[in-house]
Amino acid sequence: MAEPQHAGAWTANVITLFPEAFPGVLGLSLTGRALAEGLWNLRTIPLREHGVGKHRNVDDTPAGGGAGMVIRPDVMDAALREASLRLPVIYLSPRGMPLTQDRARALAEGPGVTLICGRFEGVDQRVLDAHCVEEISIGDYVLTGGELAAQVLIDATVRLIPRVVGNQASLAEESFSDGLLEHPQYTRPAEWEGRRIPDVVMSGNHAAIAAWRREEAERLTKERRPDLWRAYAQHAQNDPAKDAQLSGASHQAGNEPAQDKDEQR
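Each value, and the rule that gives it
- Residues numbered from 1 in each chain as written.
- Predicted model: local features only at pLDDT ≥ 70, side-chain atom pairs only at ≥ 80, totals over all residues.
- Heavy atoms only, no water.
- Helix = DSSP H or I, 4+ residues; strand = E, 2+ residues; numbered from the N terminus.
- Buried < 20%, exposed > 50% of the residue type's maximum accessible area, 1.4 Å probe, protein only.
- Contact = heavy atoms within 4.5 Å.
- Areas by Shrake-Rupley, 256 points an atom, 1.4 Å probe, with all protein chains shown as cover.
- Pairing = 2+ DSSP bridges.
- Salt bridge = Lys/Arg side-chain N within 4 Å of Asp/Glu carboxyl O.
- Phe/Tyr/Trp six-rings, centres within 6.5 Å; stacked < 30°, edge-to-face > 60°.
- Axes fitted to C-alpha atoms, helices over the stretch in contact; angles between N-to-C directions.
- Core = buried A, V, L, I, M, F, W, Y, C linked by side-chain atoms within 4.5 Å.

Caption draft 1: Here's a closer look at the overall build of the protein. Scanning the protein from N- to C-terminus turns up eight helices and nine strands. Looking at the 265 residues of the protein, the share that counts as buried comes to 42%. Across the protein, contacts joining residues at least 24 apart in sequence account for 75% of those joining residues at least 6 apart. When the accessible surface of the protein is split by element, carbon and sulfur atoms take 52% of a total near 15,000 Å².

Given below as structure tokens:
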């Protein structure tokens, strides 16, 4: 069943062979409530409806030979024209540029996006070139189709639309918000199975807590994402405030808290 559309709301058009896959997880929790409240629109364009011939074929064998099938340019062009050419078009593809928080934020600030969910060996390059389609990847692996990747991109974007997440301040404190991974989080009980929340976190000294969180964010980023750390450190060379933090200002907490070796994020 088609989702209701709300004038002026951020819109995700999704071209897919499997419209029944949507909204999927997007219909749950914050994104689902925001969809019901009209904060964003979801519209699926069934690719099969634009297929050719008696059997509504959407693909054909690769030019030049090779395994698999390729989605035809005329079929995809018809689907794109139904979707609306006024929105940016993104093809979810493992050869695309990585999806980042900055790209999601930029998309959230626009009117919406049209997403192509690929299948088989991909989409004829000519239609991608004709419509200046951007290619985005959610990781260095291959899925059976683009539907899951499309839901990932939509989720990452929709949550940045005003009023979707109730506490907007939380968006400024999560991973990637300032180029670093997020610091460890804790909650009650203060001690669980012999593991205590670090003393500095329970100290009530907000300056010390902030310094510890920054230090932990830097440590985790260095350990787990050296690519992000290099970009962050490079940026800090041109930013006196960040340069001061990197040079040791974050150690103002006064002592080193015990590290929880099993903390996972």
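Caption draft 2: The pairing of strand β1 (residues 10–16), seen in detail. Of all seven residues in β1, seven are buried, a share of seventy percent or more. Of the two faces of β1, the one holding Trp10, Ala12, Val14 and Thr16 and the one holding Thr11, Asn13 and Ile15 are both buried throughout. Pairing geometry for β1 and strand β2 (residues 40–46), over seven bridges, is parallel. Pairing of Asn13 across the sheet is with Arg43, part of β2. Where β1 and strand β6 (residues 112–117) come together, five bridges link them in parallel fashion. For Asn13, the partnering residue across the bridge sits in β6 and is Thr114.

Caption draft 3: Fine view of the pattern of salt bridges. Applying the stated criterion across every chain yields a total of 13 salt bridges. In this structure, the salt-bridge partner of Asp74 is Arg72, at a minimum N-O distance of 2.6 Å. The class of Asp74 is partly exposed, set by a relative accessible area of 37%. Members of the salt-bridge network, linked through shared partners, are Glu216, Arg219 and Glu223.

Caption draft 4: Broad picture of the packing of aromatic side chains. Enumeration over the complete set of coordinates arrives at two aromatic pairs. Judged by centre distance (6.4 Å) and plane angle (45°), the ring pair of Tyr186 and Trp212 falls under tilted. Taken together, the residues span a long stretch of sequence, with Tyr186 in the loop between α5 (147–158) and β8 (191–192) and Trp212 in helix α6 (residues 206–224) at a distance of 26 residues. Classification of Tyr186 as partly exposed rests on a relative accessible area of 25%. Overall, the relative accessible area of 2% leaves Trp212 in the buried class. Ring centres of Trp229 and Tyr232 lie 5.5 Å apart, and the angle between their planes is 35°; on these two criteria the pair is classed as tilted. Placement of both Trp229 and Tyr232 in helix α7 (residues 226–236) is noted, with a separation of three residues, approximately one turn of the helix.

Caption draft 5: Highlighting the sheet that holds strand β5 (residues 89–98). The strand order β2-β1-β6-β5-β7 describes an open sheet built from five strands, whose pairing is parallel. At either end of the open sheet lies a strand with only one pairing partner, and these are β2 and β7 (134–137). Going across the sheet, the axis of each strand differs from the next one's by a mean of 35°, ignoring polarity. Across four bridges, the pairing between β5 and β6 is parallel. Within β6, the position partnered with Leu92 by the bridge is Cys117.

Caption draft 6: Just the nonpolar core, in detail. In this structure, Trp40, Leu42, Leu115 and Ile154 are the most contacted members of the largest nonpolar core, which totals 28 residues. Mapped by element, the contributors of at least two residues to this core are β1, α1 (29–36), β2, β5, α3 (101–108), β6 and α5. Sort the elements by how many residues they give to this core and α5 lands first, with six residues. Leave out the neighbours within four places in its chain, and Leu115 touches Asn13, Val14, Ile15, Ile90, Leu92, Ala150, Leu153 and Ile154. One finds Ile15, Ile71, Tyr91 and Leu128 within the second-largest nonpolar core, a separate group that totals 18 residues.

Caption draft 7: Here's a closer look at unusual backbone geometry. Omega for the peptide link from Phe22 to Pro23 comes to 5°, which places this bond in the cis form. At the junction of Arg188 and Pro189, the peptide bond is cis and its omega measures out at 5° in the coordinates. Along the chain, Pro189 falls in the loop between α5 and β8. Residues other than glycine seldom take positive phi values, yet Cys132 does so here, at roughly 50°. Tracing the backbone through its elements, the reader meets Cys132 in the loop between α4 (125–130) and β7. Residue Cys132 is classed as exposed on the basis of its relative accessible area of 68%. Phi at Arg163 takes a positive value of approximately 80°, unusual for a residue other than glycine.

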